[in-house]
Amino acid sequence: MSEPERVSHFITPYLSQLSGLMTYYAADLTICEALLKLFRDYAERYLAMLDRDQCISLFTSSASLLKHYSEQHCKNRVIHNRSEALEGEFEEEQSYQDILCAIQLLIHLGTKDFTDLCNSSKGVETGQITDLIFFGLQQILPLMTQGLLQYPTLCQMYFSLVGFMVETYPEKLCALPFELFSSLLDSLLFGMSHSDSLVSKSSLQGLASLAKEHLKTHALASHLATKGDIIENCSQRLIQEVIFKPIIWDRLEPSGMALLPLAAIDVQKFIGLVSIISQQLGSDDKQQRMHQAFERLIKPQVLAKVAAEGREGRMVRIQFKNNFDAFVRDIHSFLIVK
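Just so it is clear, the model here is predicted, and its values are computed rather than measured.

1. Remarks on empty space enclosed by the protein
(1) Moving on: Applying the stated rule across the entire model yields 3 cavities of 30 Å³ or more.
(2) Moving on: Its boundaries defined by the atoms lining it, the largest cavity holds a volume of some 60 Å³.
(3) Moving on: Considering the residues around the largest cavity, the lining is formed by Phe181, Leu185, Leu207, Leu210, Ala211, Leu220, Ile230, Ile231, Cys234 and Leu262.
(4) Moving on: A class-by-class count of the residues in the lining of the largest cavity yields 10 nonpolar, no polar and no charged.

Right under this line is the structure:
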């Protein structure tokens, strides 16, 4: 038996007992953080070599651990504003290490190797694994305010988790309760204009995945019944906070791929939104040039095929990508350059 095999063979029988410690020491954040770190490090280092029974033990123990942790530390957690001082910022981010550990544990449990290993007739169903990831994500979502997303490491890990889940399981995120979905969407809208290009790209890809899912299945119908301007708000913020700004150049392609399905959901409403935005430019010349630029970009016959699969859908995306590149350069020629 190799050294790694001995470690997993030794630890597996004690995982349920270790997760059970969270029940007794849930109020002690130091112990909670230590337990989360233990499970995170174990999942990171040994996940790929675990057999079916060891996977099941890690899966069930992690679910119990996260459940007791979230009940004590996620529901009523108070998030403080980030300090302006660099030293104070580092100390403050350290105080949220438990949240970071929980996010990292969820990322490791959601890896492809774990899913492939357990997705067999004799193993754990993939649905059970994703249910655990979504359970953990739902506990963390209310905490992920703009204040907490100001911390670089937390921000990067959170969007790594959300990016993976939105791209892989958009239908599950669309089915979240409205308040949780609203928190998720707010974080994506915050992230798309983030200075870190990896964070912004994950956010834009997440936004695109949600919009494409709605195009295919009307997955957001219940949320739109609660708040009817969700799509228009996303489109407006994408245009004004990203596409019209100098930051667009390091996130050009994902911005275009997010705008495409958002515009395709309701072309007439999107055209109306463009009219409202153009009126804010002031001069008649700029308004006319913006209308002309959007007319060249937004073609109803093309947007009608956005949800298509295979070659047809791929050709639509390629065409829109090229048109979007030209559109951004045209818009910036009179919006940015004086």
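The structure having been displayed, the exposition proceeds.
2. Focus on the packing of aromatic side chains
(1) Moving on: Scanning the entire structure with this criterion turns up 8 aromatic pairs.
(2) Moving on: Plain terms: the ring middles of Tyr158 and Phe159 are 5.1 Å apart, the flat faces sit at 75° to each other, and that makes the pair edge-to-face. Residues Tyr158 and Phe159 agree in their burial class; the two are buried.
(3) Moving on: Among the aromatic side chains, those forming a connected cluster through ring pairs are Phe270, Phe294, Phe320, Phe324 and Phe327.
(4) Moving on: Across the ring face of Phe134, the terminal group of Lys172 is positioned such that the distance to the ring centre comes to 5.9 Å.

3. A word on helix H11 (residues 178–191)
Along an α-helix, residues three or four apart share an orientation, since each turn contains 3.6 residues.
(1) Moving on: When the terminal C-alpha atoms of H11 are compared, their 20 Å separation across 14 residues agrees well with the 20 Å that a helix rising 1.5 Å per residue should span.
(2) Moving on: Buried residues of H11: Leu180, Phe181, Leu184, Leu185, Ser187, Leu188, Leu189, Phe190 and Gly191, and no others.

4. With respect to unusual backbone geometry
(1) Moving on: A positive phi angle is found at His218, which is not glycine, with a value near 55°.
(2) Moving on: Looking at the secondary structure, you find His218 in the loop between helix H12 (197–217) and helix H13 (221–226).

5. Focus: the environment of Ala219
(1) Moving on: Note that Ala219 resides in the loop between H12 and H13.
(2) Moving on: Under the relative-accessibility criterion, Ala219 is labelled partly exposed at 23%.
(3) Moving on: Separated by 48 residues in the primary sequence, Ala219 and Glu171 have C-alpha atoms spaced 6.7 Å apart.
(4) Moving on: Leaving out residues up to four positions away in the same chain, Ala219 has contacts with Cys174, Glu213 and His214.

Cut-off values and rules
Residues numbered from 1 in each chain as written. Predicted model: local features only at pLDDT ≥ 70, side-chain atom pairs only at ≥ 80, totals over all residues. Heavy atoms only, no water. 1 Å grid on protein atoms, 1.4 Å probe; cavity = no way out; pocket = protein on both sides within 12 Å on 5 of 7 lines; lining within 4 Å. Points joined across faces, edges and corners; volume = space filled by probe spheres on them. Nonpolar A, V, L, I, M, F, W, Y, C, P; charged D, E, K, R; others polar. Phe/Tyr/Trp six-rings, centres within 6.5 Å; stacked < 30°, edge-to-face > 60°. Buried < 20%, exposed > 50% of the residue type's maximum accessible area, 1.4 Å probe, protein only. Lys NZ or Arg CZ within 6 Å of the ring centre and 35° of its normal. Helix = DSSP H or I, 4+ residues; strand = E, 2+ residues; numbered from the N terminus. Expected span 1.5 Å × (residues − 1). Contact = heavy atoms within 4.5 Å.

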